[in-house]
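# Structural overview for review
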Amino acid sequence: MGNTILEAKNINKEFHDPITVQVLTDINFSVNKGDFVAITGKSGCGKSTLLYILSTMDTDYTGELHIDGEAMGNKKEAELARVRNEKIGFVFQFHYLLNEFSVIENVMLPGLKLNKFNRQEVEHRAMERLKMLDIGHLALKNANQVSGGEKQRVAIARALINDPFIIMGDEPTGNLDKKNSELVFDIFKRLAEEFNQTLLIVTHDQSFAQRTHRIIQMEDGKIIA
Amino acid sequence: MNLSLIISIAKSLLLARWKQTLVAAIGVTFSITMFITLLSFMTGLNDLLDGLILNRTPHVRLYNDIKPSEHQPINMDTAYSGGHNFIQSIKSGNSRQEIYNSATIMRTLNNDTRVAGYAPKIITQVFFNDGSIDISGVVNGIDVEAETRLFHFADYIIAGNAADISRQANSIVLGKGLADKLLVNIGDVVQVTTAKGELFPLKVVGYFQSGLQELDKVQSYASIATVQKLMGKPGNFITDIQIKLTNLEIAPPVAKEYASLFNVDAEDIQTANSQFETGSSIRTLISYAVGITLLIVAGFGIYNILNMMIYEKMDSIAILKATGFSGRDVKRIFIVIAISIGFFGGLVGLLFGFGLSYGIDQIPFNTASLPTIKTYPINYNPMFYVIGSSFSLITTYMAGWFPSRKASKVDPVVIIRGK
Ligand SMILES: Nc1ncnc2c1ncn2[C@@H]1O[C@H](COP(=O)(O)OP(=O)(O)OP(=O)(O)O)[C@@H](O)[C@H]1O
Ligand SMILES: [Mg+2]
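Residues numbered from 1 in each chain as written. Chains lettered and ligands numbered in written order. Predicted model: local features only at pLDDT ≥ 70, side-chain atom pairs only at ≥ 80, totals over all residues. Heavy atoms only, no water.

## Considerations on a nonpolar patch on the surface
All names here are of chain B. On the surface, Phe-343, Phe-344, Leu-347, Val-348, Leu-351, Phe-352 and Leu-393 cluster together into a nonpolar patch covering about 670 Å² of accessible area. The greatest single-element share of the nonpolar patch, amounting to six residues, is contributed by helix H14 (residues 327–362). Residue position: Val-348 is located in helix H14. (Patch = residues over 30% accessible without salt bridge, like charges linked within 9 Å, V, L, I, M, F, W, Y side chains within 5 Å. Areas by Shrake-Rupley, 256 points an atom, 1.4 Å probe, with all protein chains shown as cover. Salt bridge = Lys/Arg side-chain N within 4 Å of Asp/Glu carboxyl O. Helix = DSSP H or I, 4+ residues; strand = E, 2+ residues; numbered from the N terminus.)

## Details of unusual backbone geometry
A positive phi is found at A:Asp68, a non-glycine position, where the angle reads about 55°. Residue position: A:Asp68 is located in the loop between strand S4 (62–67) and strand S5 (70–71). Residue classification places A:Asp68 among the partly exposed residues on the basis of a relative accessible area of 32%. Phi is positive for B:Asn170, close to 55°, though the residue is something other than glycine. Tracing the backbone shows B:Asn170 in the loop between helix H6 (164–167) and strand S5 (171–175). Owing to a relative accessible area of 24%, B:Asn170 belongs among the partly exposed residues under this scheme. (Buried < 20%, exposed > 50% of the residue type's maximum accessible area, 1.4 Å probe, protein only.)

## A short note on empty space enclosed by the protein
Residue and element names in this part refer to chain A. Tallied over the entire structure, the rule returns three cavities of 30 Å³ or more. Reported here for the largest cavity is a volume of approximately 80 Å³. Ile-88, Gly-89, Pro-110, Arg-158 and Ala-159 are the residues nearest the centre of the largest cavity, which is lined by 13 residues in total. Among the elements of the structure, helix H2 (77–87), strand S6 (88–91) and helix H5 (148–160) are those that each provide at least two residues to the lining of the largest cavity. (1 Å grid on protein atoms, 1.4 Å probe; cavity = no way out; pocket = protein on both sides within 12 Å on 5 of 7 lines; lining within 4 Å. Points joined across faces, edges and corners; volume = space filled by probe spheres on them.)

## Looking at the confidence of the model for chain B
Low pLDDT marks stretches whose predicted atomic positions should not be read closely. Residues and elements named next belong to chain B. Per-chain confidence: chain B averages 85 in pLDDT, with 97% of residues scoring 70 or above. The spread of mean pLDDT over the elements of chain B runs between helix H3 (residues 73–76), the lowest at 76, and H14, the highest at 92. Among the scores for the predicted complex, ipTM is 0.90 and pTM is 0.73. (pLDDT = per-residue confidence, 0-100.)

## Re the interface of chain A and chain B
Counting residues at the interface gives 25 residues for chain A, matched by 28 residues for chain B. The contact between chain A and chain B buries some 2,300 Å² in all, and 66% of this surface belongs to carbon and sulfur atoms. When the buried area of chain A at its contact with chain B is split by residue, A:Tyr96, A:Glu100 and A:Lys113 rank highest and sum to 31% of it. The interface formed by chain A and chain B includes two salt bridges. Across the salt bridge formed by B:Asp329 and A:Lys113, the nearest N and O atoms sit 2.6 Å from each other. Among the secondary structure elements, those contributing two or more residues to the side of chain A that touches chain B are helix H1 (47–54), H2 and helix H3 (103–114) of chain A. Among the residues forming the side of chain A that touches chain B, the class breakdown is 14 nonpolar, three polar and eight charged. (Contact = heavy atoms within 4.5 Å. Buried area = accessible area lost by both parts, 1.4 Å probe. Nonpolar A, V, L, I, M, F, W, Y, C, P; charged D, E, K, R; others polar.)

## Brief notes about the site of ligand 1
What surrounds ligand 1 is a group of 14 residues, the closest being A:Ser43, A:Lys47, A:Ser48, A:Thr49 and B:Arg417. Nearby residues place ligand 1 at the junction of chains A and B. The side chain of A:Ser48 places a nitrogen or oxygen atom 2.7 Å from an oxygen atom of ligand 1. For ligand 1, an oxygen atom lies 2.7 Å from a polar atom in the side chain of B:Arg417. Here ligand 1, which alone exposes 630 Å², has 64% of that area covered by the protein. Ranked by residue count, the leading element in the shell around ligand 1 is H1(A), at three residues. For the shell around ligand 1, the class distribution of residues is three nonpolar, six polar and five charged. (Near = heavy atom within 4 Å. Polar contact = N/O pair within 3.5 Å; in protein donor to acceptor, adjacent residues only side chain to side chain.)

## A closer look at the packing of H14(B) against helix H15 (residues 382–408) of chain B
Residues and elements named next belong to chain B. It is the contact of H14 with H15, at a shortest axis distance of 7 Å, that shows an interaxial angle of 155°. Put simply, H14 runs roughly antiparallel to H15. Read as a crossing pair, H14 and H15 show a hand that is right-handed. Class assignment of the residues belonging to the contact of H14 with H15 gives a composition of 13 nonpolar, 11 polar and two charged. (Axes fitted to C-alpha atoms, helices over the stretch in contact; angles between N-to-C directions. Parallel < 35°, antiparallel > 145°, perpendicular 65-115°, else oblique. Left-handed = near helix turned anticlockwise from the far one by under 90°.)

Quick look at the structure:
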């Protein structure tokens, strides 16, 4: 089990507003290094909720979460931020880029925050990743001057900047047209197969899910397959 | 930690909303400008009013008061020392106003390092005769050189020459108000009747204007020798010794010490002029209160703009947090934004404040009662600039603190889910 990247044990989650609803019930699963996993299920079954917990942003749950063998349960806010910075890369449905910054600066920010490499090195790494995703020519553009599909690729480059253990995505293709969805999927597939990158992607898109290595099927807050 | 990153993010957020930022900074600039100008002007005015009195007031004055003897004969008689002695209808003794041993006292003062200088003086009441009217007045016999050096006497001579009273025998400088009453010009002779009833002619060589009209209506100045002659007293007769100390604060203990050492009355400046201190400190207090109120108002401006900025930047905050920035980092970013508004706004405010007070300093200000003043008085105390800049930093920090805390508490899940 040395190569388990992420492990969820008995995760339960309730919302109390306006009435108490159990959204996640007894979630148990683990992700190994190099896995390319899709989480699917009907709308409202709790996929996003689960992903927010796994990404350490939501701490209001019961059960255990281990990332890279470390328990997340009793870590402080700043320590969890550090885990997200170093070990997790994010891609959301809506391409959250900072409009005050250029494309390359957006990619660099988590790298600068990590402070493992100096500014030149971070810039070099960011450029490498942009080029790998065929958007090197956009580097100096402002973040709000690029198209939706391009933004999503910038977001992927940003997720990759610190060589994370795992990339998580919440419907990363949900807001894209067919062509761009394909493009993004191909990037994920390439990352998994060429670079042995671990990926955990929530998706509605059945054809997308079918082509991953493993599908986790959810229904009413439970994993059914 | 990684402060330069925090600062560069803060800078980008600031520049993205540079118009609002500018408005907030202008608020700070305005209040600091007013704070500096107000205090410089008010304090300048205070100094002027205080100087009116304090410059001319000795730190310690030695004199002999006419009063009943403290040692009544009956108390010295051993036969009555056992009980309480009730004495009625005490009269002041025939004690003289003269300071005894003045030469010895002055020699001692010469050797006292706490003494910056002293000026001997004779004060005597006279009548100025103007036709059939007698106007009561005071003649001060002074050492012009010492009086000018220590108490700026020459500054208040508005016509004629101060030094003339020591150069010309039987000459006098009249208070402007007194000269107006007597209708005399420079070069005229006034008749003076002494307390003993002798008539004495004195030549007017100048006018004196102190700025205090009541004083100018009765005061006049002549040399010590002239006044001694007027009074028929010998060359060592003086009634006052005015002492200026190197440090004004030690005046009360020094006065006490001299009183017992020389066996004279000694009055210190703090006792003589306590009311002026109160006036200036209240004016200063009001200026500070107004200045600080302005800053607090500017602080609310910054608070508003930061709040608005945080509301607009919710998405950015969420993404920063999702990609690994902690609540503390986010808080710092917004604190840096607030402080830089305070810093740059305040800096420009200091410059404008200096400029504005310099401008006021150039405006002519002539008034009959203040002959030495030509423009509005300004005090360029660097302390105002220190206080102004620290207050601008402190208020902006406080104004930034609550919004920053709010930003640090933004839950990225709520924002990301809400999209
Ligand atoms: N803040 C909240 N308070 C109360 N209930 C919530 C809250 N957030 C989500 N829920 C509920 O939790 C359930 C799971 O929501 P979640 O967003 O995880 O679903 P999902 O599987 O991601 O759906 P979709 O595919 O539409 O994105 C839903 O029924 C939703 O109404
Ligand atoms: Mg969802």
